[in-house]
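What follows is the residue order along each chain.
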Amino acid sequence: MMDHGTPENESAAERKMRFLFALRSKGVTDARVLSAMERVDRGQFVRGLFAERAYEDMPLPIACGQTISQPSVVALMTQALNISPRDTVLEVGTGSGYQAAILAHLARRVYTVDRHRRLVREAQELFRDLGLVNIVAMTADGSYGLPDQAPFDRIIVTAAAEDPPGPLLAQLKTGGIMVVPVGQSDTVQHLIKVTRLESGYDYEELRPVRFVPLVEGISAD
Ligand code: SAH
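Every value quoted in this text rests on a predicted model; they were computed, and no experiment measured them.

Quick notes on the rules
Residues numbered from 1 in each chain as written. Predicted model: local features only at pLDDT ≥ 70, side-chain atom pairs only at ≥ 80, totals over all residues. Heavy atoms only, no water. Helix = DSSP H or I, 4+ residues; strand = E, 2+ residues; numbered from the N terminus. Rg over C-alpha atoms; globule rule 2.2 N^0.38 Å. Buried < 20%, exposed > 50% of the residue type's maximum accessible area, 1.4 Å probe, protein only. Contact = heavy atoms within 4.5 Å. Areas by Shrake-Rupley, 256 points an atom, 1.4 Å probe, with all protein chains shown as cover. Lys, Arg positive; Asp, Glu negative; His and termini not counted. Charge placed at Lys NZ, Arg CZ, Asp CG, Glu CD. Core = buried A, V, L, I, M, F, W, Y, C linked by side-chain atoms within 4.5 Å. Axes fitted to C-alpha atoms, helices over the stretch in contact; angles between N-to-C directions. Left-handed = near helix turned anticlockwise from the far one by under 90°. Nonpolar A, V, L, I, M, F, W, Y, C, P; charged D, E, K, R; others polar. Pairing = 2+ DSSP bridges. Phe/Tyr/Trp six-rings, centres within 6.5 Å; stacked < 30°, edge-to-face > 60°. Lys NZ or Arg CZ within 6 Å of the ring centre and 35° of its normal. Expected span 1.5 Å × (residues − 1).

Along the backbone of the chain there are six helices and eleven strands. For 221 residues, the compact-globule estimate of 2.2 N^0.38 gives 17 Å, and the C-alpha radius of gyration of the chain, at 17 Å, lies within 12% of that figure. The C-alpha extent of the chain, read off along each of the three principal axes, is 55 × 40 × 35 Å. Each of the 221 residues in the chain was classed as buried or not, and the buried ones make up 50%. In the chain, the share of contacts with a sequence separation of at least 24, taken over all contacts with a separation of at least 6, comes to 54%. Accessible surface computed for the chain: about 10,800 Å², of which carbon and sulfur atoms make up 50%. Computed over 24 positive and 28 negative side-chain charges, the separation of the two mean positions in the chain equals 5 Å.

Shown next as structure tokens:
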């Protein structure tokens with residue numbers, strides 16, 4: 001049976017080839033990003049019924065009513081960050097932990113925060129099982145960043161804000177880059193790349209996207 005052109009008897013190697021091909025066709029050209037995407041198995045970050053769709057280029061539901069982003073969007077955001085191996089990166093919105101795992105292959109250290117304790121706990125277990133020792137995951141309201149660990153070389157926000165949050169702008173190093181989906185509604189959002197200059201910030205609009213909203217405060221679960 002065919003499902004979106006995906007043969008059910010496809011081997012793991014064929015599946016990986018198709019996954020990487022889909023990323024390239026969406027404009028992911030950076031060899032280091034493609035290699036990180038190849039090394040992290042998205043199937044380990046999706047549970048239950050949806051696990052069989054893990055290698056398709058689509059967002060999928062995870063716990064706490066949240067979503068794991070579409071792989072091509074993860075790759076394009078990572079590419080826009082232009083991470084160097086010495087960088088310390090902050091991610092706001094741990095979710096499944098997939099994006100953080102990709103970042104961990106490219107950066108020196110990754111801090112990732114989510115407002116849902118359950119998501120942070122489950123991601124921490126995965127990072128431990130996968131030996132990703134350079135990720136520190138914490139429950140926090142990421143709109144305020146992590147003042148104790150700041151400043152950061154790179155910041156990635158994986159939930160949509162009305163504007164790039166001020167505390168995050170302030171926690172970016174000079175020359176640093178932040179990628180953040182910005183939009184007033186659920187339907188119209190744009191991915192923005194912010195570069196901190198010697199004085200002020202440069203803003204570049206990258207592409208339309210659709211993310212769950214950045215919500216204030218820590219959740220009860
Ligand atoms: N990067 C994730 C996908 C994130 S979905 C992945 O790779 O799977 C967006 C996440 O942002 C959700 O888990 C949501 O709980 C979290 N979030 C929303 N508002 C937040 C806030 N103020 N602080 C921290 N996390 C937040």
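All right, on to the nonpolar core then. Leu23, Met37, Phe45, Tyr98 and Phe127 are the most contacted members of the largest nonpolar core, which totals 51 residues. Secondary structure elements with two or more residues in this core: helix H1 (12–25), helix H2 (31–39), helix H3 (71–81), helix H4 (98–104), helix H5 (117–129), strand S7 (135–139) and strand S9 (172–182). When residues of this core are assigned to their parent elements, the largest contribution, seven residues, is made by H3. With 17 residues, the next largest nonpolar core counts Phe152, Ile155, Leu172 and Ile192 among its residues.

A separate point is the packing of H1 against H2. It is at 11 Å that the axes of H1 and H2 come closest, and there the two elements cross at 145 degrees. Crossing angle aside, the handedness with which H1 passes H2 is right-handed. Of the residues in H2, those in contact with Lys16, Phe19, Leu20, Leu23 and Arg24 of H1 are Leu34, Met37 and Glu38. When the residues that make up the contact of H1 with H2 are grouped by side-chain class, the tally is five nonpolar, no polar and three charged.

Our next topic: the sheet that holds strand S10 (residues 189–196). Strand order in the open sheet formed by seven strands is S7-S6-S5-S8-S9-S10-S11, with mixed pairing between adjacent strands. One side of each edge strand has no neighbouring strand; the edge strands of this open sheet are S7 and strand S11 (201–209). Geometrically, the sheet is characterised by an average inter-axis angle of 15 degrees between neighbouring strands, direction not taken into account. Note that strand S6 (residues 109–114) and S7 share five bridges and pair parallel. Looking at S7, one finds that Thr112 is bridged to Ala137. Strands in contact with H3 are strand S8 (152–157), S9, S10 and S11; relative to S9, the strand with the most contacts, it is inclined by about 160 degrees. Here H5 sits on the sheet and contacts S6 and S7; the angle it forms with S7, its principal contact strand, is near 160 degrees.

With that settled, the discussion passes to unusual backbone geometry. With an omega of 0 degrees, the peptide bond between Ala150 and Pro151 qualifies as cis. Its place among the elements puts Pro151 in the loop between S7 and S8. Even without glycine at this site, Asn82 takes up a positive phi of about 45 degrees. Within the secondary structure layout, Asn82 lies in the loop between H3 and strand S5 (88–92).

Once that is clear, we can look at the packing of aromatic side chains. In total, this model carries three aromatic pairs according to the counting rule given. Arg42 extends its terminal NZ or CZ atom over the ring of Tyr98, reaching a point 5.9 Å from the ring centre.

All right, on to H5 then. Taking 1.5 Å of rise per residue, 13 residues should cover 18 Å, and H5 covers 19 Å from first to last C-alpha, within 8% of that figure. Inspection of H5 places Leu119, Val120, Glu122, Ala123, Leu126 and Phe127 among the buried residues, and these make up the whole buried set. Structurally, H5 contributes buried residues whose contacts are with H4, S6 and S7. Where H5 ends, the next residue or the one after it, Gly131, has phi of about 70 degrees, a positive value.

It is worth stressing that arrangement in space is one thing and function is another; only the former is reported here.
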